[in-house]
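Listed below are the residues making up each chain.
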Amino acid sequence: CDRPGQNRQTLMLDILGITGPIYITILFGYLATRQGLFAKADMQVFGKFVINLALPAMLFNALAQRRLGEIVNLSYILAYAVGTLLLVALARLWSVRVARQSALAGSFYAMGMTCSNSGFVGYPILLLTMAPVAGVALALNMVVENLLVIPLLLAMADRANGDKGSWLGMLGQSLKRLAANPMIMGLAAGFVASLLEWTPPGPVTRTIDLFASACGVLSLFVIGGTLVNLPLRGMATQIAPIVFGKLIAHPALVAAALWLLPWSGLPGVEPQLHQAAILLAAMPMMGIYPLLALKYGQEGVSAAALLAATMASFLTVSALLWLMT
């Protein structure tokens, strides 16, 4: 009679064994910075290393080591984009019509709800839960987030901030800025290597592997360090919708889009990638969220939402893994 309860207990311990090390590493980064072992400015240096070297190397590996047919998954991209863009529209509508926020604030409400921390938090979790598709899922997410969602939201923010240029012009400027991003370069190089079925020479491959292997633990440590001294007091009513939208509404809408996908006539997404898409949507928002908001004077609420969502995601991500299992 006790076996079902024992199985559930074992399952929960297995899930905590996955999420626990992720959030313990984040906690170490927080404590090491809080206690002065590292300065908060050091986290910027570590973050630059991850963004400019480790993450591009990992993205290159994820794509270059697979055939192009395994990577170009239009069903995944479409479902993730539809679920995300629907939430962008709902978040913008809610923030302006219900919460009575400005259109500019609404743009960053939408960014907080839809731009996942796929590389720093999502990828390490995927490595522990569904390693065979972790790199491909991350690369597909990077395509949607960096080539569609972030440029669109920044164009919306520029428009709300008084820029009178055309939508296409502002979107083009956002894409132009992103084109110089090393992560986009890593993605592009990986796609080209996959298309040409080219394998780098042994020494080059091993060097890329060394940089890629530094991505997981260092990215989590950086997230912890950046959370030090972020504000929370007096902002509960402002940040609660952002946290709910990111951790609950985003994965729910992506799951709905994936479920409805076969009705459109497109092939469904294979089970592991299906789960990876929902899991990545359930991650807290990206670490550079407050930095992007800084230019527009929206950094206070953005930083508080990042801290609250990262803390709450330990519970929500663990619960989601339990439901998936």
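Scoring rules and cut-offs
In every chain, residue numbers begin from 1 and rise along the written sequence. Thresholds applied to this predicted model are a pLDDT of at least 70 for local features of residues and 80 or more for the giving and counting of side-chain atom pairs; totals over whole chains, interfaces and linings are not thresholded and use all residues. Side-chain numbers come from the whole structure's heavy atoms, not from hydrogens or water. Only runs of H or I of at least four residues qualify as helices and only runs of E of at least two qualify as strands under DSSP, and these elements are numbered from the N terminus. Radius of gyration: over C-alpha atoms. The globule rule applied is 2.2 Å multiplied by the number of residues raised to the 0.38 power. The cut-offs for exposure are 20% and 50% of the maximum accessible area for each residue type, with area from a 1.4 Å probe on protein chains only; residues under the lower value are buried, those over the upper are exposed, and the others partly exposed. Whether two residues touch is decided by their heavy atoms; if any such pair falls within 4.5 Å, the residues are in contact. Note on areas: Shrake-Rupley, 1.4 Å probe, and residue coverage restricted to the protein chains presented here. Note that His is not counted, nor are the chain ends; the positive residues are Lys and Arg, and the negative ones are Asp and Glu. For the purpose of locating charges, the reference atoms are NZ of Lys, CZ of Arg, CG of Asp and CD of Glu. Two rings from Phe, Tyr or Trp (for Trp, the six-membered ring) form a pair when their centres sit within 6.5 Å of each other. Planes less than 30 degrees apart are called stacked, planes more than 60 degrees apart edge-to-face, and all others tilted. Here a polar contact is taken to be a pair of N or O atoms separated by no more than 3.5 Å, where protein atoms must pair a possible hydrogen donor with a possible acceptor and residues adjacent in sequence count only if both atoms sit in side chains. We call a set of buried residues a nonpolar core when its members are Ala, Val, Leu, Ile, Met, Phe, Trp, Tyr or Cys and they connect through side-chain atoms within 4.5 Å of each other. Between N-to-C directions, angles span 0 to 180 degrees; the directions come from axes that are lines fitted to C-alpha atoms, helices contributing only their stretch in contact. If an angle is under 35 degrees, it is roughly parallel; if it is over 145, roughly antiparallel; if it lies from 65 to 115, roughly perpendicular; otherwise it is oblique. Left-handed describes a crossing in which the near helix is turned anticlockwise from the far one by less than a right angle; the clockwise case is right-handed.

Visitor: Looking at this model, I keep getting lost on the overall build of the protein. Mind explaining?
Guide: Scanning the protein for helices and strands turns up 15 helices and zero strands. The C-alpha atoms of the protein give 19 Å as radius of gyration, which agrees with the globular expectation for 325 residues (20 Å, within 12%). Judged by the C-alpha coordinates and their principal axes, the protein covers about 55 × 50 × 50 Å. Sorting the 325 residues of the protein into buried and exposed places 49% on the buried side. Of the contacts formed within the protein by residues at least 6 apart in sequence, a portion of 84% connects residues at least 24 apart. With the model as given, the accessible surface of the protein reaches about 15300 Å², and the carbon-plus-sulfur share is 67%. Mean positive and mean negative side-chain charge positions of the protein (18 and 11 charges, respectively) differ by 11 Å.

Visitor: Would you explain the packing of aromatic side chains in this entry?
Guide: Two aromatic rings, taken as a pair, are described by how far apart their centres are and by the angle between their planes. Overall, the coordinates contain seven aromatic pairs when judged by the stated rule. Ring centres of Phe38 and Phe46 lie 5.5 Å apart, and the angle between their planes is 75°; this geometry places the pair in the edge-to-face category. According to the relative accessible area criterion, Phe46 is partly exposed, its value standing at 23%. On the numbers, 5.2 Å between centres and 45° between planes, the contact of Phe108 with Tyr296 is tilted. Of this pair, Phe108 sits in helix α5 (residues 103-114) while Tyr296 is found in the loop between α14 (289-294) and α15 (299-324), placing the two residues 188 residues apart along the sequence. Owing to a relative accessible area of 2%, Phe108 belongs among the buried residues under this scheme. Among the residues examined, Tyr296 registers a relative accessible area of 8% and is labelled buried. An aromatic cluster of at least three residues, connected via ring pairs, comprises Phe38, Phe46 and Phe221.

Visitor: Is there a simple way to think about the side chain of Ser313 in this case?
Guide: Along the chain, the position of Ser313 falls in helix α15. Polar side-chain contacts of Ser313 include one of 2.8 Å to the backbone oxygen of Thr310. Apart from residues no more than four positions distant in its own chain, Ser313 is found in contact with Tyr23, Leu247, Pro284 and Ser318.

Visitor: Sorry, what's going on with unusual backbone geometry here?
Guide: Working note: non-glycine residues mostly have negative phi, and peptide bonds are mostly trans. At Arg100, a residue that is not glycine, the phi angle is positive and equals roughly 60°. As for its placement among the helices and strands, Arg100 is situated in the loop between α4 (74-98) and α5. Given the relative accessible area of 67%, Arg100 is considered exposed.

Visitor: Any chance you could explain the environment of Ile26 here in plain terms?
Guide: With respect to the helices, strands and loops of the structure, Ile26 is situated in helix α1 (residues 3-34). Spatially, the C-alpha atoms of Ile26 and Lys246 are 19 Å apart, while their sequence positions differ by 220 residues. Residues in contact with Ile26, not counting those within four places in the same chain, are Leu220, Ile223, Gly224 and Leu227.

Visitor: Just to check I follow, could you spell out the nonpolar core for this structure?
Guide: Taken as a class, soluble globular proteins show a tendency for nonpolar side chains to be buried jointly. If you look at the biggest cluster of nonpolar residues, it comprises 99 residues, and the most contacted ones within it are Leu55, Leu59, Tyr76, Val121 and Leu279. Among the elements that take part in this core, helix α7 (residues 131-160) stands out by supplying 15 residues, more than any other. With residues up to four places along the chain from it excluded, the contact list for Val121 reads Ile22, Tyr23, Leu220, Ile223, Met283 and Pro284.

Visitor: Looking at this structure, I do not really get helix α13 (residues 271-281). What am I missing?
Guide: Along an α-helix, residues three or four apart share an orientation, since each turn contains 3.6 residues. Every buried residue of α13 is accounted for by Leu273, Ala276, Ala277, Ile278, Leu279, Leu280 and Ala281. In this structure, the buried side of α13 is in contact with α4, α6 (118-129), α7, α12 (236-260) and α15.

Visitor: Just to check I follow, could you spell out the packing of α13 against α15 for this structure?
Guide: Geometrically, a packed helix pair is captured by the angle between its two axes and the distance between the axes. For the pair α13 and α15, interaxial distance at closest approach is 10 Å and the crossing angle is 160°. With respect to each other, α13 and α15 are oriented roughly antiparallel. You can see that α13 and α15 cross each other, and the crossing is right-handed. Residues Gln275, Ile278 and Leu279 of α13 form the contact with α15, whose participating residues are Val317, Leu320, Leu321 and Met324.

Visitor: Mind showing me how you'd approach the environment of Leu266 here?
Guide: Mapped onto the elements, Leu266 comes out in the loop between α12 and α13. Classification of Leu266 by relative accessible area gives partly exposed; the value is 34%. Along the chain, Leu266 and Leu78 lie 188 residues apart, while their C-alpha atoms are 9.7 Å from each other.

Geometric values such as these leave the question of function open.
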